[in-house]
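Architecture and fold: a report
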Amino acid sequence: MKICCYTDTFFPLVGGAEMVLHNLAIQLTRCGEEVHILAPKVRGADNKEKFPYHVHRFGKPSSKRFMVRQTLLHLSWLHLRHHFDVLHNHSGYPPAYVGATFKKWFDVPTVVRPHGSDIVPGGRIRKNPRLEKRLRLALVSADAVIAQGQYLKDLILSLGVDKNRIHIIHNGVNLDAFSKWQVFPHPRPYILSLGNLIHRKGFDILLRAYARLKGAKPDLAIAGPGPEEGKLKSLSKDLGIAEQVRFLGFIEGQEKVNLFRCADFFVCPSRKEPFANVILEALAAGLPVIASGVDGNKELVHHNRHGLLFPPEDVGALKNTLERMIYDKTLSNRLRSAIPNYVKQFDWSIVAKQYLKLYYTVRRNGS
C-alpha cells in the first residue's frame, strides 16, 4: 500500500506531533508499506535529513487563513507520480481541509488525525469562526477520523462527525528505546517533569506545590524549552527552592531516556492536556506518574493503579499527592510494579498495525 501522510509540522522541529508521525512512518515501513510524508520546509534549518521513508518538502504558507490550498499543487503532483492508496492528514486544519479538496479531485480515501490542540475549544482554530467552519468541513468529509482517546472522540463528535467514522487509536511509545540506559548526571534523587514551558502545562502549579513540601525531599528536574522559562526560574527563587530545582532545557535522544530512567517518578501538572505523550514515555521508563485529572490524563493514568491523579490547578492537592509518592514507598513500589503489563499495549509495533488496519478498511470501502 502507498500511504501519503500530509502534515503542517515535522522535523527538524521536535515535539509530540512530529514524533508520532516519525514513529508511525517507521513502523509502517517495517510492515512493508510505502510511506511518503509531505511536510513544510523549516526556515533556517537543514531540511535534508535521511529517513527510512520518503519525505517531500513544500514552502509553508505564511498564514493559516489565506492561500492554504496552494499545497494542493504539491499534493497533486506527488499523487500523479506515486498514485497513493490513502491520504492521512495529520491535523484537522489546515491539512485535513486541503485533503478534503484533494479527495474530491482524485477520489482517494482520506484519514484525519487531529493533534488535539487544533480541535480543543478555546484553541486558536476554534476561536476563529471562519477557521472552525473549515475544520468542521474537513472532519465531516473524511472517511475516518482518529481520536487519541475518549476525550478527543467526544470533541470530534461535537464537531458533527458521524460516530461510525471515529476510531480511537492511542499514541504509541517505543518501548525498546527505554530498555537501554545510563546514569543521568544528577548528584541527588529527583522528581521529573517535562514539556514546553508554557502556561497550559502548569509548571507554576508544580513549583508552588513542591515549595510547600517539608523535610527532606528529592530535587525537582524540569526539562523542556519555552517562553516561560525566565518567569518559572524567577518563581523558584521567590519560593526559596532555586537550589533544588534544575531547569534542563531541551533534551532528546538517549539523554532523554537516561533522564526518565533515573527519576523517582514523573509529574504532569497540566491545566489542559488532550493526550500527553510524555506520560507514555514516563510509563515506558517504568515511572509512576502523578497527573492532573484533566482531559486525556484521566485515560492514561488510572488512579491508584500505576499513578495518582489530583484536581487540576489545586496546589494543596498536588502537594499532598507529592508527599504520598515520596514518603509512602509501599505505594510507589506497588504502582511501579503494575506499569510493565499496562504500558505494553502502547508499543508502536502494536499501535501502527491498528493504523494499517484502518487504512485497508477505508481503501476497501472506497473502492
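What you are looking at is a predicted structure, and each value in this text was computed from that prediction instead of being measured.

Centre-to-centre distance and the angle between the planes together describe a pair of aromatic rings. Tallied over the entire structure, the rule returns 14 aromatic pairs. Among the aromatic residues, those joined into a ring-pair cluster are F10, F11, F51 and Y53. Directly above the aromatic system of Y210 lies the positively charged group of K217, at a separation of 4.3 Å from the ring centroid.

This brings us to the sheet that holds strand β3 (residues 54–58). Taken together, seven strands build an open sheet; the order of strands is β3-β2-β1-β4-β5-β6-β7 and the sheet is parallel. Two strands close off the open sheet at either side, each with one partner strand: β3 and β7 (166–168). Averaged over all pairs of adjacent strands, the angle between strand axes in this sheet comes to 25°, irrespective of strand direction. Lying over the sheet, helix α1 (residues 16–30) contacts β1 (2–7), β2 (34–40) and β4 (86–90), oriented at roughly 160° with respect to β2. The sheet strands contacting helix α3 (residues 95–106) are β1, β4 and β5 (110–112), and the helix crosses β4 at an angle near 160°.

On strand β12 (residues 289–292), burial covers both faces: V289 and A291 on one face and I290 and S292 on the other are all buried. Where strand β11 (residues 266–268) and β12 come together, three bridges link them in parallel fashion. By the bridge assignment for β12, F266 is matched with V289. As a crossover connection, the stretch from β11 through helix α9 (residues 277–284) into β12 is right-handed. In the sheet, β12 pairs with strand β13 (residues 307–310) via four bridges, with the strands oriented parallel. The residue bridging S292 from the neighbouring strand is F310, located in β13.

Rules used in this analysis
- Residues numbered from 1 in each chain as written.
- Predicted model: local features only at pLDDT ≥ 70, side-chain atom pairs only at ≥ 80, totals over all residues.
- Heavy atoms only, no water.
- Phe/Tyr/Trp six-rings, centres within 6.5 Å; stacked < 30°, edge-to-face > 60°.
- Lys NZ or Arg CZ within 6 Å of the ring centre and 35° of its normal.
- Pairing = 2+ DSSP bridges.
- Helix = DSSP H or I, 4+ residues; strand = E, 2+ residues; numbered from the N terminus.
- Axes fitted to C-alpha atoms, helices over the stretch in contact; angles between N-to-C directions.
- Contact = heavy atoms within 4.5 Å.
- Buried < 20%, exposed > 50% of the residue type's maximum accessible area, 1.4 Å probe, protein only.
- Right-handed = clockwise from strand over helix to strand, strands pointing away.

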